[in-house]
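# Residue-level structure breakdown
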Amino acid sequence: TTDLKAAVAAKIPEEQDRLKAIKKEHGGKVLGAVTVEQAIGGMRGIPSMLWETSLLDPEEGIRFRGHSIPDLQEKLPKAKAGGEPIPEGLLWLLLTGEVPTQDQAKSVTEMLRERSKLPDHVYKVLSDTHPDTHPMTQLCTAVLALQVDSKFAKAYSQGIHKTKYWEPVFEDSMDLIAKLPTIAATIYRNTYKGGKLIEDDAGLDWGASLSHKMGYSDEGPLEMMRLYQTIHADHEGGNVSAHATHLVGSALSDPYLCFAAGMTGLAGPLHGLANQEVLRWLNNVREQVGDDVTKEQLSEFVWATLKSGKVVPGFGHAVLRKTDPRYTCQRGFAQRHMPDYPLFKLVSMLYEVVPDILTQTGKVKNPYPNVDAHSGVLLQFYGMTEENFYTVLFGVSRSLGVLSQGVWSRALGLPIERPKSLTMQAVLDRVAAQE
Ligand code: FCX
């Protein structure tokens, strides 16, 4: 089939049975103990939720439905031979678990295009926001403004049977994914280009159309955006944007509400906003020493950042313990398309300088670069110089992963999330009871 919804529907019964069997046969088994340190330390490493669309290996990085990033660059359908994968193909994979054919990916492109029209009131909300409103806040505002059209919220209020939840959740998710490029481009044009919007090009795929509507229609930025939108899509379930979406969705808040929750989390500087912070940091270096910075000067900057009690943005990770393959993939793109670009050289030099220094601090568990260390270079090269907008691009991509999982969370009937919290005294009482 080339019908995405039918392909998902066909998978649901076997996956429901699988989950039922796992629960029945292994429900009482232990996945891991929880230490006091973990409870205090941001629940790091506690296996405590189901997330089907991707799994993060600390050494090897993300796998989308079992496929690594290089694997997907090879296997996913492309807009042009030998080019970058199109994110619609990834969406099919995330939702069905199967790598799509060219025709299946094309049908997703068409399905999204049919749903892409943004209601007038959303344009109005966006043009009425205070001009200084951060683009991420504008993104959340626009997503919430769209919520009035939620098919799930409507179906729920009309008493839909719980076995059918996934269907309107699927519809809302596709509607929202379809509209996000127009929302993002409108935010960009309003904030930085005097509100002059650009007509869509009906021949373009979802990711390329985002770049086009922002005002960048050459082959270079179109290909870059396809890759960018593919690799930022998902990073298993525990990161802040995914977990926030998942948590809020577990209360049966509709996809607009839970995606907005995810995006408010992505807007934090330790998470998605790090791509903006990296650019600021790099610009600061360039302003102070110019493009011909030496390794010694760069080291001084890194140390100065650490000594002033700040993090070096774009480095470190809560789960990964090696260089992020999303970084490596973007580095490969830069090597192919912009090998002599000064900013790329600066970022490459950081790769040689920062890990050593972070290791010397003796506390950073992963001194290597993450996805956010590199994405700004690609955007800057093609003229997208407004770094405060970068996290919006991350957010558009993240919709593919978190909303796909949202469909499966409802299809599998996952319950409301409600972990246990403790007071400090309660922690001490539990520890004392064990001694
Ligand atoms: N620069 C300076 N210090 C760092 C650091 C960095 N890049 N990374 C970690 N540390 C520090 C932590 O702040 C912590 O210090 P503390 O003990 O004084 O509080 C200590 O090292 C141990 O932290 P660690 O266990 O290694 O890392 P966490 O799991 O707590 O945090 C993040 C992970 C990603 C938040 C952390 O590495 C960081 O702040 N990095 C910079 C911001 C960033 O790039 N975020 C984007 C991450 C990601 F790719 C994404 O979500 O987009």
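For the protein chain, the name recorded in an unreviewed UniProt entry is Probable acetate kinase, with Micractinium conductrix as its organism.

## A closer look at the overall build of the protein chain
A count of helical and extended segments in the protein chain gives 20 helices and two strands. Its C-alpha atoms give the protein chain a radius of gyration of 22 Å, near enough to 22 Å, the size a compact globule of 435 residues would have. Seen through its C-alpha atoms, the protein chain measures out along the principal axes to roughly 65 × 65 × 45 Å. Sequence-distant contacts in the protein chain: of pairs separated by 6 or more residues, those separated by 24 or more amount to 74%.

## Structural notes on the site of the ligand
Lining the immediate environment of the ligand, one finds 22 residues, of which A274, G316, A318, K365 and N370 sit closest. Here the shell around the ligand is built from residues that sort into 11 nonpolar, eight polar and three charged.

## Side note on helix 9 (residues 166-192)
For helix 9, with 27 residues, the first-to-last C-alpha span of 38 Å sits near the 39 Å given by 1.5 Å per residue. Of all the bends found along helix 9, the most pronounced is centred on L180 and spans about 35°, while P181, a proline, follows it within four residues. Most of helix 9 is tucked away: 23 of the 27 residues are buried. Once helix 9 finishes, G194 follows within two positions and takes phi at roughly 65°, a positive value.

## Some thoughts on the pairing of strand 1 (residues 54-57)
Consecutive side chains of a regular strand alternate in pointing toward one face of the sheet and then the other. Where burial is concerned, the two faces of strand 1 differ: the one with S54 and L56 is buried and the one with L55 and D57 is not. Pairing analysis gives four bridges linking strand 1 to strand 2 (residues 61-64), with the strands arranged antiparallel. Bridge assignment links L55 to a residue of strand 2, and that residue is R63. Between strand 1 and strand 2, which pair antiparallel one after the other, the connecting turn spans three residues.

## With respect to the packing of helix 17 (residues 342-360) against helix 18 (residues 372-381)
Contact geometry of helix 17 with helix 18 gives a least axis separation of 9 Å together with a crossing angle of 170°. With respect to their mutual orientation, helix 17 and helix 18 come out roughly antiparallel. Mapping the contact onto sequence places L343, F344 and V347 in helix 17 and A373, H374, V377 and Q380 in helix 18. A per-class count over the contact of helix 17 with helix 18 returns five nonpolar, two polar and no charged.

## Thoughts on the nonpolar core
If you look at the biggest cluster of nonpolar residues, it comprises 107 residues, and the most contacted ones within it are L90, L139, V143, A184, F259, M263 and V407. Per-element accounting of this core gives the leading share, 13 residues, to helix 9. In this view, F259 contacts V143, L176, T245, S399, V402 and L403; residues no more than four positions away in its chain are not counted.

## Re unusual backbone geometry
Apart from glycine, the bulk of residues carry a negative phi angle, and the bulk of peptide bonds sit in the trans form. One non-glycine residue with positive phi stands out, namely R65, at about 45°. Relative to the elements of secondary structure, R65 occurs in the loop between strand 2 and helix 3 (69-75). The exposure class assigned to R65 is partly exposed, which follows from the 19 C-beta atoms found within 10 Å. For L252, which is not glycine, the phi dihedral falls at a positive 65°.

## Structural notes on helix 7 (residues 135-146)
For helix 7, built from 12 residues, the straight-helix expectation of 16 Å at 1.5 Å per residue is met to within 8% by its first-to-last C-alpha distance of 17 Å. Along helix 7, 10 of the 12 residues are buried, which leaves the element largely enclosed by surrounding structure. Buried within helix 7 are the following residues: P135, M136, Q138, L139, C140, T141, A142, V143, A145 and L146. Those residues of helix 7 hidden inside the fold are in contact with helix 6 (120-128), helix 9, helix 13 (255-266) and helix 19 (390-411).

## Brief notes about the environment of G316
Here G316 shows up in the loop between helix 15 (295-307) and helix 16 (325-337). Residues G316 and P47, spaced 269 residues apart in sequence, show a C-alpha to C-alpha distance of 21 Å. For G316, the contacting residues outside a window of four places in its chain are L358, V364, N366 and N370.

## Here's the deal with the confidence of the model for the protein chain
The predicted model of the protein chain averages 97 in pLDDT, with 100% of residues at 70 or higher. Reported confidences for the modelled complex are a pTM of 0.98 and an ipTM of 0.99.

## Quick look at the packing of helix 12 (residues 240-250) against helix 13
Following both chains from N to C, one finds helix 12 and helix 13 inclined at 150°, their axes separated by 7 Å at the closest point. The pairing of helix 12 with helix 13 is recorded here as roughly antiparallel in orientation. In the packing of helix 12 onto helix 13, the handedness of the crossing is right-handed. Residues V240, S241, A242, A244, T245, V248 and G249 of helix 12 pack against L257, C258, F259, A261, G262, M263, G265 and L266 of helix 13. The class makeup of the residues in the contact of helix 12 with helix 13 is 10 nonpolar, five polar and no charged.

Reading the values: rules and limits
Residues numbered from 1 in each chain as written. Predicted model: local features only at pLDDT ≥ 70, side-chain atom pairs only at ≥ 80, totals over all residues. Helix = DSSP H or I, 4+ residues; strand = E, 2+ residues; numbered from the N terminus. Rg over C-alpha atoms; globule rule 2.2 N^0.38 Å. Contact = placed C-beta atoms within 7 Å. Near = placed C-beta within 6 Å. Nonpolar A, V, L, I, M, F, W, Y, C, P; charged D, E, K, R; others polar. Expected span 1.5 Å × (residues − 1). Bend = angle between axes of the 7 residues up to and from the residue. Buried ≥ 20, exposed ≤ 12 C-beta atoms within 10 Å, placed from the backbone. Pairing = 2+ DSSP bridges. Axes fitted to C-alpha atoms, helices over the stretch in contact; angles between N-to-C directions. Parallel < 35°, antiparallel > 145°, perpendicular 65-115°, else oblique. Core = buried A, V, L, I, M, F, W, Y, C linked by C-beta atoms within 7 Å. pLDDT = per-residue confidence, 0-100. Left-handed = near helix turned anticlockwise from the far one by under 90°.

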